[in-house]
Amino acid sequence: MKKTILILIVILGTLTIAQAQNARDLYLGYGNDVIAPTNDSANRKRGKPGTKVTIELYRDGKLKFVKPTSKFRSGDKIRLRFATNFDGYIRILNVGSSGRVSLLFPYKDANDRITPSTDFQIPNNNDWIVFDDTPGTEMLTVILSAKPFADDKDLSGLNSRATRSRDLTIQSDDDATYAVFGEGSLQEPVGFTLQLKHK
């Protein structure tokens, strides 16, 4: 009986550690101090800096949040919403099915400086991104940095240099996609790409 209880405690402990490492929990936990399970009782952060991206879909008169893996149709309207849990900078690029790169954020009258809990919407105001009649894949690249970006007029160069998703932990669930920094530094831009399939 004692062996069974000990094995069960070890299994539950392992599951708790594994679950705490998912991107959503790491994003939500950043900034919350907890006592580390060490003899020196040092405080450490249980989360990591990152971003949360949600997609609003307006179809057939109904509005709902969807995963990036959803299949989009001609005439669908979407909005992106994103928030971060750290002070830094963000740029969001769209690479269309034609290969053309355009800057979605910062848009006019906005800058790329971000603070925790700020909820941004793309496009701003009451505008929507509308899927046209040409099927393909739209790629939205989110680039994060703790330092200001260089004033880069070559968006395709920025896109190819900064999409090092290996430095991020990324997770999509029912309501959002979460991306948090790995063990590396925040000083270099790091990005990830969401692929929106238009059928």
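Further up the page is the structure itself.
Quick summary incoming for the structure in this document. (Residues numbered from 1 in each chain as written. Predicted model: local features only at pLDDT ≥ 70, side-chain atom pairs only at ≥ 80, totals over all residues. Heavy atoms only, no water.)

## Some details on unusual backbone geometry
Part 1: Of the consecutive residues Phe105 and Pro106, the connecting peptide bond is found in the cis state with omega at 10 degrees.
Part 2: Assignment of secondary structure puts Pro106 in the loop between strand E8 (101-105) and strand E9 (113-114).
Part 3: Phi at Asp60 takes a positive value of approximately 50 degrees, unusual for a residue other than glycine.
Part 4: Mapped onto the fold, Asp60 is located in the loop between strand E3 (50-59) and strand E4 (62-66).
Part 5: In this model, Asn125 sits at a positive phi of 60 degrees, which is unusual for a non-glycine residue.
Part 6: Checked against the element boundaries, Asn125 lands in the loop between strand E10 (120-122) and strand E11 (129-130).
Part 7: Using a relative accessible area of 59% as the deciding quantity, one classes Asn125 as exposed. (Helix = DSSP H or I, 4+ residues; strand = E, 2+ residues; numbered from the N terminus. Buried < 20%, exposed > 50% of the residue type's maximum accessible area, 1.4 Å probe, protein only.)

## Some remarks on the environment of Pro116
Part 1: Within the fold, Pro116 resides in the loop between E9 and E10.
Part 2: Overall, the relative accessible area of 37% leaves Pro116 in the partly exposed class.
Part 3: With 29 residues separating them along the chain, Pro116 and Asp87 place their C-alpha atoms 6.1 Å apart.
Part 4: Sequence-distant contacts of Pro116, defined by excluding residues within four places in its chain, comprise Thr84, Asn85, Phe86 and Asp87. (Contact = heavy atoms within 4.5 Å.)

## A closer look at the packing of aromatic side chains
Part 1: In the structure shown here, the tally under the stated rule is eight aromatic pairs.
Part 2: Where Phe86 meets Phe181, the ring centres are 5.7 Å apart and the plane angle is 85 degrees; that geometry is what we call edge-to-face. Residue Phe86 is located in the loop between strand E6 (77-84) and strand E7 (88-95), and its partner Phe181 is located in strand E14 (residues 177-181); the two are separated by 95 residues in the primary sequence.
Part 3: The rings of Phe82, Phe105, Tyr107 and Phe120 are connected pair by pair, giving a single aromatic cluster.
Part 4: One residue, Arg79, lies across the ring of Trp128, its end atom 3.7 Å from the ring centre. (Phe/Tyr/Trp six-rings, centres within 6.5 Å; stacked < 30°, edge-to-face > 60°. Lys NZ or Arg CZ within 6 Å of the ring centre and 35° of its normal.)

## Some details on the pattern of salt bridges
Part 1: Tallying each qualifying case throughout the model produces seven salt bridges.
Part 2: In this structure, Asp76 engages Arg59 in a salt bridge whose closest nitrogen and oxygen atoms are separated by 2.6 Å. Placement of the pair is Asp76 in the loop between strand E5 (71-72) and E6 and Arg59 in strand E3, with a sequence separation of 17 residues.
Part 3: Given a relative accessible area of 2%, Asp76 falls into the buried group.
Part 4: Residue classification places Arg59 among the buried positions, given a relative accessible area of 19%.
Part 5: Residue Asp119 is joined to Arg81 by a salt bridge in which the shortest nitrogen-to-oxygen separation is 3.4 Å. (Salt bridge = Lys/Arg side-chain N within 4 Å of Asp/Glu carboxyl O.)

## A closer look at the environment of Gly88
Part 1: The residue Gly88 is located in strand E7 in this model.
Part 2: Distance in space between the C-alpha atoms of Gly88 and Leu144 is 7.4 Å, their sequence separation being 56 residues.
Part 3: With sequence-adjacent residues up to four places away left out, Gly88 is seen in contact with Asp112, Arg113, Ile114, Ser145 and Ala146.

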